[in-house]
Amino acid sequence: MYADTETIRRILTGTGDTWAVVGLSDNRSRAAYGVAEVLQRFGKRVVPVHPRAERVHSEDGYASLAEIPFPVDVVDVFVNSELAGAVAEEAVTIGASAVWFQLGVIDEKAYERTRAAGLDMVMDRCPAIEIESLG
């Protein structure tokens, strides 16, 4: 229900190649690190968004979405479900085209608000898994 095949394909192949990854740090043991690596391998520009604003995968990091000085196409969310709604709202504010909540990140009200604002959205899925299966 929150991840139809057509929306997944549209986000991964047609929405744009600049992905802000919220929760991405230089901690190699975290899922965000590996997912960002896969996205880069498929030609996506990965922008780390983390309170420490660390440089990751050769990209400068930012403490928030609002601090990114260029357009962002997709906001990929690796934060707890309780915090994800605020990130989705910030994605709408900065003019992103899509929001992607990672596996285990679920906020049905945020999903509805984000879709109502006109953005594509996927929830509780992993883009690294999905992009590999597109072929």
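Given the structure is predicted, the values throughout are model-derived calculations rather than measurements.

Moving on to helix H1 (residues 5–13). Because an α-helix completes one turn every 3.6 residues, residues spaced three or four positions apart along the sequence face the same direction. Those residues of H1 that sit buried are Thr7, Ile8, Ile11 and Leu12. Projected down its long axis, H1 carries its buried residues within an arc of 125°, all on one side. The exposed set on the far side of H1, more than 90 degrees from its buried face, consists of Thr5, Glu6 and Thr13. Residues of H1 that are buried sit in contact with strand S1 (18–22), strand S3 (74–77), strand S4 (98–101), strand S5 (120–122) and helix H5 (127–134).

Right, let's get into the pairing of strand S2 (residues 45–49). Among the five residues in S2, four count as buried, and that is most of the element. Bridge analysis of S1 against S2 gives five bridges, and the strand direction is parallel. Bridging from a neighbouring strand, Val22 pairs with Val49 of S2. Note that the unit made of S1, helix H2 (residues 31–41) and S2 has a crossover that is right-handed.

For Asp120, the location among the structural elements is in strand S5. For Asp120, a relative accessible area of 14% translates into the label buried. Setting aside residues up to four positions removed in sequence, Asp120 forms contacts with Thr7, Arg10, Ile11, Ser97, Ala98, Val99 and Arg115.

Quick look at the nonpolar core now. With 25 residues, the main nonpolar core has Leu65, Ile68, Val75, Val77, Val99 and Phe101 as its most contacted residues. Put simply, the parts of the chain that give this core at least two residues each are S1, S2, S3, helix H3 (81–94), S4 and helix H4 (108–116). Broken down by element, the residue count for this core peaks at four residues, all from H3. In contact with Phe101, other than residues within four places in its own chain, are Val77, Ala84, Gly85, Ala88, Asp107, Ala110, Met121, Val122, Met123, Asp124 and Arg125. Counting residues in hydrophobic clusters, the runner-up holds 23 residues, among them Leu24, Ala32, Val74 and Ala98.

Look at H3: 20 Å from first C-alpha to last across 14 residues, which is about the 20 Å you get at 1.5 Å a residue. Considered for burial, the residues of H3 that qualify are Ser81, Ala84, Gly85, Val87, Ala88 and Ala91. Count one or two residues on from H3 and you reach Gly95, which has phi positive near 85°.

With that settled, the discussion passes to the sheet that holds S4. Read from one edge to the other, the open sheet built from five strands follows the order S2-S1-S3-S4-S5, with strand pairing classed as parallel. This sheet does not close on itself; its edge strands, each paired only once, are S2 and S5. Across the sheet, the mean angle from the axis of one strand to that of its neighbour is 20°, orientation sign disregarded. Along the sheet, H2 contacts S1, S2 and S3; its crossing angle with S2, the most-contacted strand, is approximately 155°.

The backbone phi angle of His57 is positive, close to 50°, even though this residue is not glycine. His57 sits in the buried class, given a relative accessible area of 14%. A positive phi angle is found at Ser58, which is not glycine, with a value near 65°. As for its position among the elements, Ser58 is in the loop between S2 and S3. Looking at Ser58, the relative accessible area reads 59%, which means it is exposed.

Definitions and limits used
Residues numbered from 1 in each chain as written. Predicted model: local features only at pLDDT ≥ 70, side-chain atom pairs only at ≥ 80, totals over all residues. Heavy atoms only, no water. Buried < 20%, exposed > 50% of the residue type's maximum accessible area, 1.4 Å probe, protein only. Helix = DSSP H or I, 4+ residues; strand = E, 2+ residues; numbered from the N terminus. Arc of directions from axis to C-beta. Contact = heavy atoms within 4.5 Å. Pairing = 2+ DSSP bridges. Right-handed = clockwise from strand over helix to strand, strands pointing away. Core = buried A, V, L, I, M, F, W, Y, C linked by side-chain atoms within 4.5 Å. Expected span 1.5 Å × (residues − 1). Axes fitted to C-alpha atoms, helices over the stretch in contact; angles between N-to-C directions.

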